[in-house]
Amino acid sequence: MGVNNEEAETYKNKGNEAFKSENYEEAVSLYTKAINLSEKDSRDRATFLKNRAAAYLKLKEYKKVINTHYRARAAARAGPKALFRRAQALESEERFEEAYRDAKTIFTVDPANKAIQPVLSRLHAIVQERVRRNAQTSNKVEQMFKLAFEISEEKDKRQKAMTNLVVLAKETAAADVMVKNGVVQKIQQLLKVEKNPDIYINAIRVIGQLCKRNVERTLSIIKVVGIPWFLEIIDSDIEERVNAAQYCLQVILNTFSGMDTKKDTKPDKQLCEKYKSEIDTLLTCLTYSITNRVISGMARDAIMELIMRNCHYSAINWAERFVEIRGLQRLLEVCSELEEYKYESAMNITPSSATIAAACLARIYENMYYDEARERFNNQVDEFVKDKLLSPDLESKVRVTVAITSLLRGPLDVGNYVISKEGIMEMILVMAQTEDILQQKVACECLIAAASKKDKARAIINKGVEILKKLYTSKNDAVRVRALVGLCKIGSFGGDDASIRPFADGSTKKLAEACRKFLVNPAKEKDMRKWAAEGLSYLTLDADVKEKLVEDKAAIQSLIELAKTGDQSCLYGVVTTLVNLCNAYEKQEVMPEMLELAKFAKHHIPGQHELDDPDFVNKRLTVLCKAGVTTALVALSKTESHNSKELIARVFNAICSLQELRGIVVQQGGAKILIPMSLEGTQNGKKQAAQALARIGITINPEVAFPGQRNLEVVRPLIALLHPDCTALENFEALMALCNLAGMNETTRNRILKEGGLSKIEQYMFEEHVMLQRAATQCICNLLQSEEVIKTYDANNDKCKFLYLLCQEEDMDTVMAAAGALCILTSVSKSCCRKLLDCQAWLESLRVLLANPNKEIQYRGTYMLYNIISGDKDIAVRIFETDVMEILMALTKLEDPEVKKTVELAQKCLDAAESMGLIRKPDENFVLEALKENEQEVEKSED
């Protein structure tokens, strides 16, 4: 943009006007235009920069004051005022030494400046204190080093010292001292010989804390130890060690990308671009490690979880690069492994490895959002299948079949694409008919996964039912249970439609009983009980099976105990069974008109079973909750699969629909895991979790339900329910929960405002639905305890007037909330008092409040009136010209002890009017004369 001094000056003047009007965002925009039109290094540009910095300071964007177009040279040219602003910004960013340097410069240039003297004194004290504390920190670090890294020291002392180092690493000053004194090298050497698992894990945590949110420190650490070192420490069979190393790697990725460990944070695009090479190197190393033959199964799972967490477009967006470096082949290799049968080329895996790999494949496929990317994905899968089937040996067939099963459980479209290829289904059916136990098992599993849609289920009914029935007669329990699950899945494809039954009546109950035998038998391996749970997940769409299962305490307890293991491979079967028992699956809304049309056209109409009526469902929910289902769901919630999290959230929401069960959910840790679920996952999953949180927040004291930081974290999901796409019930429950939160403390109220809750809540005050309007008004009443909210009502708008008009509503609770809000406003703002009399119907609203049969509303009306007339004679004159005085006098005559406060306030109002000279008490002589005159008039009328 060219130089134009006149136009630049115009923009500066407009910016000044916007600044005076407290419209700081507009001011920043106008000053920026002025800067772009001004001459580089000119005095005018320095002025514009100074003005923009002032606007940034008001917006509390301190980093922009310091960095963006506001360098030392510009600041110095703009004079002491600009330096002063920068000092303020540096102090707010806790860069005290730099702020002190700027303050000293100002004092040197302008010793008579009174504004800088207290700032200089304060900063001097802070800097001195920091110097003292840094000296103490250095001593602490030195002491901890001596204890932690000396192998000959006592175990307890070393353990405590290493824990202290983790804490010290969280402090910037201490972290810098530790790095300077070679903590990274010391930890690298220590972990080669350390045998104590607690010290080992805390040493890894120290590295993680040092890397957190500090790019320079992270780069220096990687330079010292190298990425292979992180892959070494993650290779372990100790879960805590693997978790610590995984967290450390995630922290490094977060530092380079600007993300945080919190679920709802987004990456910084500029940072991602700047450190693209470092991110790419780290993720590439992790990708190549997926198929490392020597690492532990737990380490492999952790690496796949890291890939899954960071590849998505909402994170680092690395999915296409993952496909490009042939990461899919590596995931499919893991999918093709069998835990219970080890080939010579086998890798170490856990029971959850195939499930995690399938979820990772699904997450990668989600990012293939255009045709060319999906085609590349499918081609690589094709290539993997072809390469395996080139060799005709048994191992290749088994591996391909197991990999296809994972694809059907992960990216379903890709799985269906592969299984529809010529010869694939035929190969699986042939394997199922062999006498080889291994082939029978893997073929059964693949058939179960393939029967995911009605068309596939029909194809398998036509070709495979007889095969499955034959396999069910096998002497091998592992084959029998898989065949049983296949039959269960095929038998359930009618869903919850009571009128569709693929098998003969009574067959589903027999299948369910067979599944139960495998589930409750403690002698059976966990793998068989897992398959039994999956069989029930299909059969429990039948209401008869649901009722029978929920009455079977042993079966329910076995299901819950299976879930408590946290094994991800058990997740689908257990959670889906629970969803079915709770009737928490998504139900299609049937319009009455369409129902009649379907009857007329003689189309099939789904029929609901009488055992799925609300009374039966509520009974099942109560049984499950009291049996401890919450602890089972908490154990399974560690999954990275968004679809699985949605199922868990559905069960929680169904349980929380019953008020008496919400306390059990909180007590067993349900509220804690619902918060992250409400922030990340599928749209429906987030909504279900948020509604469950809202229901908890309505019934239970928020300080108990959401202790500590959680009462702030729960705000965002609740506000997300205040959306037009959500149902009226979801809106209402969110408003009620927010109302309770708003009554907690100022910090929580500020979070509601920060998340944009005020405007969304206010929208519902205009709703015709009485309950929504009431809940919104009650929420606003609680929010008005915040000064920031009062300012918005004190501003030049009609918000106060609308609250006043709400006092004429028929709903007593709405009136009470509106009156309460007005009591708060009129007690702190005279402008709000004056606004009320600008309403055309101000007198009617006042009469409704003062003469209300509800004693609490009457009291609030009297309190508000006293606030309005106190110290404002003009308003008082207008009010006492009406019949308000008569109403007040009537109130003072009330003798009911419950309205004593109202009587006192009414008398106060009359006393205030009298002190202003608007009314006066009649003296005794005047009263006697009036009585005499009245008697004389009565006598005349009698004559």
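Note that the structure is a prediction, hence the values are computed from the model and not measured. (Residues numbered from 1 in each chain as written. Predicted model: local features only at pLDDT ≥ 70, side-chain atom pairs only at ≥ 80, totals over all residues. Heavy atoms only, no water.)

Draft legend 1. A look at the overall build of the chain. Across its full length, the chain holds 57 helices and zero strands. Considering the chain as a whole, with its 943 residues, one finds that 51% of them fall into the buried category. Counting contacts in the chain only where the partners sit at least 6 residues apart, residues at least 24 apart contribute 69% of the total. (Helix = DSSP H or I, 4+ residues; strand = E, 2+ residues; numbered from the N terminus. Buried < 20%, exposed > 50% of the residue type's maximum accessible area, 1.4 Å probe, protein only. Contact = heavy atoms within 4.5 Å.)

Draft legend 2. Broad picture of the pattern of salt bridges. According to the stated counting rule, one finds 37 salt bridges in the structure shown. A salt bridge links Lys564 to Glu561; the nearest nitrogen and oxygen atoms lie 3.5 Å apart. With Lys564 and Glu561 both in helix H32 (residues 553-564) and three residues apart, the pair spans about one turn of that helix. For Lys564, a relative accessible area of 37% corresponds to the partly exposed category. By relative accessible area, which is 39% here, Glu561 ends up partly exposed. Ionic pairing is found between Glu762 and Lys799, a salt bridge with its closest N-O pair at 3.2 Å. (Salt bridge = Lys/Arg side-chain N within 4 Å of Asp/Glu carboxyl O.)

Draft legend 3. A look at the packing of helix H20 (residues 327-335) against helix H22 (residues 371-390). Viewed as axis vectors pointing N to C, H20 and H22 meet at an angle of 50°, and their least axial separation amounts to 9 Å. By the criterion of interaxial angle, the relationship of H20 to H22 is oblique. Crossing of H20 against H22: the hand is right-handed. Contacts between H20 and H22 involve Leu328, Gln329, Leu332 and Glu333 from the first element and Phe377, Gln380, Val381, Glu383, Phe384 and Lys388 from the second. Grouping the amino acids of the contact of H20 with H22 by side-chain chemistry returns five nonpolar, two polar and three charged. (Axes fitted to C-alpha atoms, helices over the stretch in contact; angles between N-to-C directions. Parallel < 35°, antiparallel > 145°, perpendicular 65-115°, else oblique. Left-handed = near helix turned anticlockwise from the far one by under 90°. Nonpolar A, V, L, I, M, F, W, Y, C, P; charged D, E, K, R; others polar.)

Draft legend 4. Fine view of the nonpolar core. In terms of nonpolar packing, the biggest core is built from 273 residues, with Leu165, Val206, Phe230, Phe377, Ile696, Ile761 and Ile879 touching the most fellow members. When near neighbours in sequence (up to four residues on either side) are disregarded, Ile696 contacts Cys656, Arg662, Val665, Val666, Ala671, Leu674, Ala705 and Phe706. The next biggest cluster of nonpolar side chains, apart from the first, holds 32 residues, and it includes Ala8, Ala18, Ala55 and Leu57. (Core = buried A, V, L, I, M, F, W, Y, C linked by side-chain atoms within 4.5 Å.)

Draft legend 5. Molecular detail of the side chain of Asn731. Tracing the backbone through its elements, the reader meets Asn731 in helix H44 (residues 728-742). Taking relative accessible area as the criterion, Asn731 reaches 6% and is therefore assigned buried. Setting aside residues up to four positions removed in sequence, Asn731 forms contacts with Leu721, Leu722, His723, Cys726, Tyr764 and Leu772.

Draft legend 6. Structural context of the environment of Ala161. On the secondary structure map, Ala161 appears in helix H9 (residues 155-168). For the pair formed by Ala161 and Met144, sequence separation is 17 residues and the distance between their alpha carbons is 5.1 Å.

Draft legend 7. Region of interest: unusual backbone geometry. In the Ramachandran plot, Arg326 falls in the positive-phi region, its phi being about 65° despite a non-glycine side chain. As for its placement among the helices and strands, Arg326 is situated in the loop between helix H19 (319-324) and H20. What makes Arg326 partly exposed here is its relative accessible area of 36%.

Draft legend 8. Examining the packing of helix H33 (residues 568-581) against helix H36 (residues 629-636) more closely. Between H33 and H36, the least distance of the axes is 10 Å, while the angle of their chain directions is 140°. With respect to H36, the element H33 is oriented oblique. Here H33 runs over H36; the crossing is left-handed. Touching Gln568, Leu571, Val574, Val575 and Leu578 of H33 are Val629, Leu633 and Leu636, all from H36. In the contact of H33 with H36, the residues fall into seven nonpolar, one polar and no charged.

Draft legend 9. Structural detail: the state of the cysteines. Taken as a whole and assessed by the stated rule, the structure comprises zero disulfides. For Cys488, which is in no disulfide, the shortest distance to another cysteine sulfur is to Cys515 and amounts to 3.6 Å. Judged by relative accessible area, Cys488 falls into the buried class, the value being 0%. (Disulfide = S-S within 2.5 Å.)

Draft legend 10. Representation of the environment of Ala357. Checked against the element boundaries, Ala357 lands in helix H21 (residues 353-366). On the accessibility criterion, Ala357 (0% relative accessible area) is buried. For the pair Ala357 and Val334, spaced 23 residues apart in sequence, the C-alpha separation works out to 6.9 Å. For Ala357, the contacting residues outside a window of four places in its chain are Met304, Leu331, Val334 and Cys335.

Draft legend 11. Summary view of the packing of aromatic side chains. A complete count under the given rule lists ten aromatic pairs for this structure. Centroid distance Trp229 to Phe230: 5.2 Å. Interplanar angle 75°. Geometry classified as edge-to-face. (Phe/Tyr/Trp six-rings, centres within 6.5 Å; stacked < 30°, edge-to-face > 60°.)

Draft legend 12. Region of the structure containing helix H10 (residues 172-180). Listed in full, the buried residues belonging to H10 are Ala174, Ala175, Val177 and Met178. Angular distribution of buried residues about the axis of H10 spans 160°; they occupy a single face of the element. In this structure, H10 carries Thr172 and Lys180 as exposed residues pointing more than 90 degrees from its buried face. (Arc of directions from axis to C-beta.)

Draft legend 13. Just the environment of Asp237, in detail. Summarising the element assignment, Asp237 is placed in the loop between helix H14 (227-234) and helix H15 (239-257). A residue is classified by how much of its surface remains accessible, and Asp237, at 64% relative accessible area, is exposed. C-alpha of Asp237 to C-alpha of Gly297: the two residues are 60 residues apart in sequence and 7.6 Å apart in space. Discounting residues that sit within four places of it in the chain, Asp237 has contacts with Ser296 and Met298.

Draft legend 14. Representation of the confidence of the model for the chain within the structure. Here the chain averages 84 in pLDDT, and 89% of its residues register 70 or above. Note on residues 69-76: pLDDT under 50 across the span, and 20 contacts to partners over four residues away in sequence or across chains. This stretch, residues 495-504, has a pLDDT under 50; its non-local contacts, to residues over four places away or in other chains, come to 24 contacts. (pLDDT = per-residue confidence, 0-100.)

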